[in-house]
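Structural overview for review
Each chain is listed here by its residues.
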Amino acid sequence: MKLNLTKVVNGCRLGKIKNLGKTGDRSMDIPGCLLYTKAGSAPHLTHHTLHKIHGVPAMAQLTLSSLAEHHEVLAEYKEGVGKFIGMPESLLYCSLHDPVSPCPAGYVTNKSVSVWGVGGRVEMTASKFMAIQQALQPDWFQCISDGEATCNEATSIKRARKSVDRTLLFLDNCLKLQEESEVLKKSSIIGVIEGGDVTEERLRSARETAKRPVGGFLLDGFQGSPATLETRLHLLSSVTAELPEDKPRLICGVSRPDEVLECIERGVDLFESFFPYQVTERGCALTFSFDYQPNPEETLLQQNGTQEEIKYVDQTKKSKTSCNQEMTSYEINLKEKKYQEDFSPLVRGCSCYCCKNHTRAYVHHLLVTNELLAGVLLMMHNFEHYFGFFHSIREALKSDRLAQLKELIRRMF
Amino acid sequence: MAAAASQTSLESAPRIMRLVAECSRSRARAGELRLPHGPVATPVFMPVGTQATMKGITAEQLDALGCRICLGNTYHLGLRPGPELIQKAQGLHGFMNWPHNLLTDSGGFQMVSLVSLSEVTEEGVRFRSPYDGDETLLSPERSVEIQNALGSDIIMQLDDVVSSTVTGPRVEEAMYRSIRWLDRCIAAHRRPDKQNLFAIIQGGLDADLRATCLEEMTKRDVPGFAIGGLSGGESKGEFWRMVALSTSRLPKDKPRYLMGVGYATDLVVCVALGCDMFDCVFPTRTARFGSALVPTGNLQLKKKQYEKDFRAIDPECDCPTCQKHSRAFLHTLLHSDNTAALHHLTIHNIAYQLRLMSAVRASIVEKRFPAFVRDFMSTMYGDPTLCPTWATEALASVGITLG
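Residues numbered from 1 in each chain as written. Chains lettered and ligands numbered in written order. Predicted model: local features only at pLDDT ≥ 70, side-chain atom pairs only at ≥ 80, totals over all residues. Heavy atoms only, no water.

- In the annotation of an unreviewed UniProt entry, the entry for chain B reads Queuine tRNA-ribosyltransferase catalytic subunit 1, and the organism field reads Capra hircus.
- The UniProt entry for chain B carries the following text under Sequence similarities (unreviewed entry): "Belongs to the queuine tRNA-ribosyltransferase family."
- As recorded by UniProt, the Subunit (unreviewed entry) comment attached to chain B reads in full: "Heterodimer of a catalytic subunit QTRT1 and an accessory subunit QTRT2." (UniProt positions renumbered as here; feature names shortened; annotations may be inferred.)

- The name recorded for chain A in an unreviewed UniProt entry is Queuine tRNA-ribosyltransferase accessory subunit 2, from Capra hircus.
- What UniProt records for chain A under Subunit (unreviewed entry) is the sentence "Heterodimer of a catalytic subunit QTRT1 and an accessory subunit QTRT2."
- Under the Sequence similarities (unreviewed entry) heading, UniProt states for chain A: "Belongs to the queuine tRNA-ribosyltransferase family. QTRT2 subfamily."

Written out as structure tokens, the structure is:
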């Protein structure tokens, strides 16, 4: 694979990763996101409904937590997880964990890392882990790593150091095993940057990992509440400064629009797309505008809409929803009674299947009656909206308008 | 028995059904319904989308499967979101954005299914809402009023439904009341040009009561007849005899809709007995429990035996699920909390039902229906002696012998 940077502006990298995939002819734009999946399928969506969405990313994220327990099946299947899940044309990245469901801490040892599936804990040594990846045959996979340095309130330097040491050891072991396997050589290992909140350890992790022949880097441990990311952003810049320019930088656990922009400005290329899924699960639809160069008429309409929604949302922003996550100002809650007779689309001008075919009133009805179709339609809209957001980031970078886009997103707060 | 039955219907009700072919042995017919939202080939299986949605599949997916008519439910929609809202949304078609035909049940069945929440009088059925405790009266007039607002292509009379396991005077009371309610529905119907009101034959498992109901209701000028009050807990032996009695006395030139029938075997047998239209929640409901319908029965895909089964559900099936996915993958997905698993099976099961009806129809048109039935039974049961007795008897009664 080859990463070509078109330009770097204010720390943001705009470019293309080429020569991807088994046949080496696929490519991916950066900054970009990966399609979020659960058990190998986009949430709520079949192949048919997934492909109705415009702008689906070229690479999907699979999680080892949902697949590890099926490795015997996949080993017997022989043809790789892409074909098994019915996505043979997609590029695949296999992360350790599901960003939406954090796993219990305290199970990383010097020799193994654990993931949690439906059937319980799956413990993996380097060799078991590589055997699983051999059965999965993804294009990229996150190397096993010790991500628990940031689990507690204050990271001790000792714990941070241990996370870096362990992760490097895991990496070296896995690289060695990769050398011994023809199948595994076709996949790229993504090295994981650890080190908690200790600058020294983070830099050490970055420098040491960069020395290894990895395909790219995963910035782990920067996720958490919005407050914690803010304090870690400075650290993030220092870390990415140590990484080679020509390899992609992924980050896990960061998916909210404002956080995405902050991370892009600090040298991150690829993100997970679980945020639209979380929005879907709380019965909400993404409505935030990323149209940083609207026509004057649209601006007026948007402003009026935005003002109203901001005003309303301020009052309800703190309300917890069933997903245990607070609703953000990027979305509307279709369960609210005010949408009962609203026959407009979720977002005016949106070209997604839901907005082209259905109304807020209908989605409201589906939510109130607990019908499965609510999740399907919301997921289709939320993914399309989110992928559109990333497209607008790239366009803004191309035309040097990122400041406008940032301002637009910032105003949502 | 057949001779007395085939009186053509009276008066000038538009004939919405055109007969294309009839089996020379059995009572099976192939036809075409001409409905406001397009033609529908019969025999037809109508999937049930109770609350203005076919569960997890989109209107577009349902259309792509070839479905041209499906069901909505007046009781549920009457409560949520309510007829006024649906009317504002351009009727149920507009509300759910379904371009083809819709049939709405009257709410009568809920009398049985929600019996603890309902009370029947001559006026109508009084329901206590499970959502807010409010009481609603569903009268024949109110049911038709709601269905007029919904705008469905076929609407059903409100009938007094008793469970098929009930015996005694209640059955007779319900039968006569259903006739009176039919007349009230006809009188209340404000859109006979746009919506086809079907009568529903009651009478439980009593041949005399049923015969009386048939005689009376066929005097009314309705575009179609449903056979109701069956498909509950009755024995299959009684079930088929009531169906056969009903079809023998219903006019040939109007569609016969057998309500609540959906198992493959039942569909095939009841087509042989002369039914044209069917509905049932079974295929879509069983999908959501991980069960896939196949010509030999069903596959409980959550079971361990499918863990490494890399074949499609049915190699002969051309539905999107079978085109792309293996039993093993679906097994994995069913054990996760991703609802996509349910949608894959819903699509397959609807495809299975529609394809079965298509095949039945083709065999009638091509004059080989009895052979089709024999093939179907042998695939499903193996040896003819393993075919359920009631089915063998029912088929024999219309001249089809197995093995």
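**A closer look at the packing of aromatic side chains**
- Under the counting rule described, the total for this entry stands at 22 aromatic pairs over all chains.
- Ring geometry for Phe288(A) and Phe290(A): centres 6.0 Å apart, planes at 65°, overall edge-to-face. For the pair Phe288(A) and Phe290(A), a shared accessibility class is recorded, and that class is buried.
- Members of the aromatic cluster, joined through ring pairs, are Phe271(A), Phe275(A), Phe288(A), Phe290(A), Tyr330(A), Tyr386(A), Phe389(A) and Phe390(A).
- Note that Lys236(B) overlies the ring of Phe239(B), its terminal NZ or CZ placed 5.5 Å from the centroid. (Phe/Tyr/Trp six-rings, centres within 6.5 Å; stacked < 30°, edge-to-face > 60°. Buried < 20%, exposed > 50% of the residue type's maximum accessible area, 1.4 Å probe, protein only. Lys NZ or Arg CZ within 6 Å of the ring centre and 35° of its normal.)

**Quick look at the side chain of Thr167(A)**
Residues and elements named next belong to chain A.
- Within the secondary structure, Thr 167 is located in helix α6 (residues 157-179).
- Judged by relative accessible area, which is 4%, Thr 167 ranks as buried.
- Once residues within four sequence positions are removed from consideration, Thr 167 is found in contact with Ile 144, Ser 145, Asp 146, Val 192 and Glu 194. (Helix = DSSP H or I, 4+ residues; strand = E, 2+ residues; numbered from the N terminus. Contact = heavy atoms within 4.5 Å.)

**Overview of the UniProt feature "active site" (unreviewed entry) in chain B**
All names here are of chain B.
- The sites that UniProt annotates as "active site" (unreviewed entry) are Asp 105 and Asp 279. For this annotated set, covering 175 residues, all C-alpha atoms fall within 10.4 Å of each other, a compact arrangement in space.
- Relative to the helices and strands, Asp 105 is located in strand β6 (residues 101-105).
- With residues up to four places along the chain from it excluded, the contact list for Asp 105 reads Gly 72, Asn 73, Thr 74, Gln 110, Gln 147, Met 156 and Met 259.
- Mapped onto the elements of the fold, Asp 279 is located in strand β14 (residues 277-280).
- Assessed through its relative accessible area of 9%, Asp 279 is described here as buried.
- Aside from chain neighbours lying at most four places away, what touches Asp 279 is Phe 45, Met 46, Val 48, Leu 71, Tyr 257, Leu 258, Met 259, Gly 260 and Val 261.
- One polar contact links Asp 279 to Tyr 257, side chain to side chain, over a distance of 2.8 Å. (Polar contact = N/O pair within 3.5 Å; in protein donor to acceptor, adjacent residues only side chain to side chain.)

**Considering the pairing of strand β5 (residues 59-63) of chain A**
All names here are of chain A.
- Counting buried positions along β5 gives five out of five residues, so the element sits mostly inside the fold.
- Burial along β5 is two-sided: Met 59, Gln 61 and Thr 63 and Ala 60 and Leu 62, pointing in opposite directions, are all buried.
- Pairing between strand β4 (residues 32-36) and β5: two bridges, direction parallel. Bridging from a neighbouring strand, Tyr 36 pairs with Gln 61 of β5.
- Both β5 and strand β6 (residues 91-95) contribute to a ladder of five bridges, which runs parallel. The residue bridging Leu 62 from the neighbouring strand is Cys 94, located in β6. (Pairing = 2+ DSSP bridges.)

**Let's talk about the interface of chain B and chain A**
- Taken together, the contacts link 40 residues of chain B with 40 residues of chain A.
- Summing both partners gives a buried area of about 3,500 Å² for chain B against chain A, and 63% of it is carried by carbon and sulfur.
- Counting the surface chain B buries against chain A, the share from its top three residues, Phe95(B), Phe310(B) and Lys324(B), is 16%.
- At the junction of chain B and chain A, the tally comes to six salt bridges.
- For Glu371(A), the salt bridge identified is with Lys55(B), shortest N-O distance 3.1 Å.
- Mapped onto the side of chain B that touches chain A, the elements with two or more residues apiece are α2 (59-64), α4 (83-88), α5 (91-96), α14 (327-334) and α15 (340-365) of chain B.
- Broken down by element, the side of chain B that touches chain A gets its largest block of residues, five residues, from α15(B).
- Of the residues that constitute the side of chain B that touches chain A, the class distribution is 16 nonpolar, 15 polar and nine charged. (Buried area = accessible area lost by both parts, 1.4 Å probe. Salt bridge = Lys/Arg side-chain N within 4 Å of Asp/Glu carboxyl O. Nonpolar A, V, L, I, M, F, W, Y, C, P; charged D, E, K, R; others polar.)

**A look at the sheet that holds strand β3 (residues 26-30) of chain A**
Residues and elements named next belong to chain A.
- With respect to topology, three strands assemble into an open sheet ordered β1-β2-β3, the strand pairing being antiparallel. Edge positions in the open sheet fall to β1 (2-9) and β3, since each of these has one partner strand only. On average, adjacent strands in this sheet sit at an angle of 10° to one another, irrespective of strand direction.
- Bridge count for strand β2 (residues 12-20) against β3 is four bridges, and the pairing is antiparallel. For Gly 15, the partnering residue across the bridge sits in β3 and is Ile 30. (Axes fitted to C-alpha atoms, helices over the stretch in contact; angles between N-to-C directions.)

**With respect to helix α15 (residues 402-411) of chain A**
Residue and element names in this part refer to chain A.
- Leu 402, Leu 405, Leu 408 and Ile 409 are the residues of α15 that are buried. Projected down its long axis, α15 carries its buried residues within an arc of 120°, all on one side. Exposed side of α15, more than 90 degrees from the buried face: Ala 403 and Arg 410 are the residues found there.
- Of the surrounding elements, those touching the buried residues of α15 are β2, α9 (257-264) and α14 (373-398). (Arc of directions from axis to C-beta.)

**Overview of unusual backbone geometry**
- Here Ile30(A) and Pro31(A) are connected by a cis peptide whose omega angle stands at 0°.
- Looking at the secondary structure, you find Pro31(A) in the loop between β3 and β4.
- The backbone of Asn97(B) shows a phi angle near 60°, a positive value even though the residue is not glycine.

**As for a negative patch on the surface**
Residue and element names in this part refer to chain B.
- Where like charges cluster on the molecular surface, the negative patch consists of Glu 119, Asp 132, Asp 134 and Glu 135.
- Structurally, Glu 119 can be placed in strand β7 (residues 118-120).
- Take Glu 119: its relative accessible area is 47%, and that puts it in the partly exposed class. (Patch = residues over 30% accessible without salt bridge, like charges linked within 9 Å, V, L, I, M, F, W, Y side chains within 5 Å. Areas by Shrake-Rupley, 256 points an atom, 1.4 Å probe, with all protein chains shown as cover. Lys, Arg positive; Asp, Glu negative; His and termini not counted. Charge placed at Lys NZ, Arg CZ, Asp CG, Glu CD.)

**Structural notes on the pattern of salt bridges**
- Applying the stated criterion to the full structure yields 56 salt bridges over all chains.
- Between Lys52(A) and Glu60(B) there is a salt bridge, with its nearest N and O atoms 3.2 Å apart. With Lys52(A) in the loop between α1 (47-50) and β5 and Glu60(B) in helix α2, this residue pair bridges two chains.
- Using a relative accessible area of 26% as the deciding quantity, one classes Glu60(B) as partly exposed.
- Salt-bridge contacts for Lys88(B) lead to Glu341(A); the nearest nitrogen and oxygen are separated by 2.9 Å. Taken as a pair, Lys88(B) in helix α4 and Glu341(A) in the loop between β15 (331-333) and α12 (353-357) lie in two separate chains rather than in one.
- It is possible to trace a salt-bridge network through shared partners that takes in Glu122(B), Asp160(B), Arg170(B), Glu173(B), Arg177(B) and Arg180(B).

**Structural notes on the domain arrangement of chain A**
Residue and element names in this part refer to chain A.
- In terms of domain boundaries, chain A breaks down into domain 1 (30-272) and domain 2 (329-412).
- Distance between the C-alpha centres of domain 1 and domain 2: 28 Å.
- In this assembly, 28 residues from domain 1 lie in contact with 19 residues from domain 2.
- For the pairing of domain 1 and domain 2, the buried interface totals around 2,100 Å² over both sides, and the portion due to carbon and sulfur atoms is 79%.
- Run the count over domain 1 and domain 2 and you get two salt bridges.
- Linking Lys 406 and Glu 262 is a salt bridge whose minimum nitrogen-to-oxygen distance equals 4.0 Å.
- On inspection of domain 1 and its partner domain 2, the count reaches five residue pairs in polar contact (both at pLDDT 80 or more).
- Sorting the residues of the side of domain 1 that touches domain 2 by element identifies β4, α9 and β13 (270-272) as the ones contributing at least two each.
- The biggest single contributor to the side of domain 1 that touches domain 2 is α9, with six residues.
- Classifying every residue of the side of domain 1 that touches domain 2 by side-chain character gives 16 nonpolar, six polar and six charged. (Domains from an automatic or database assignment.)

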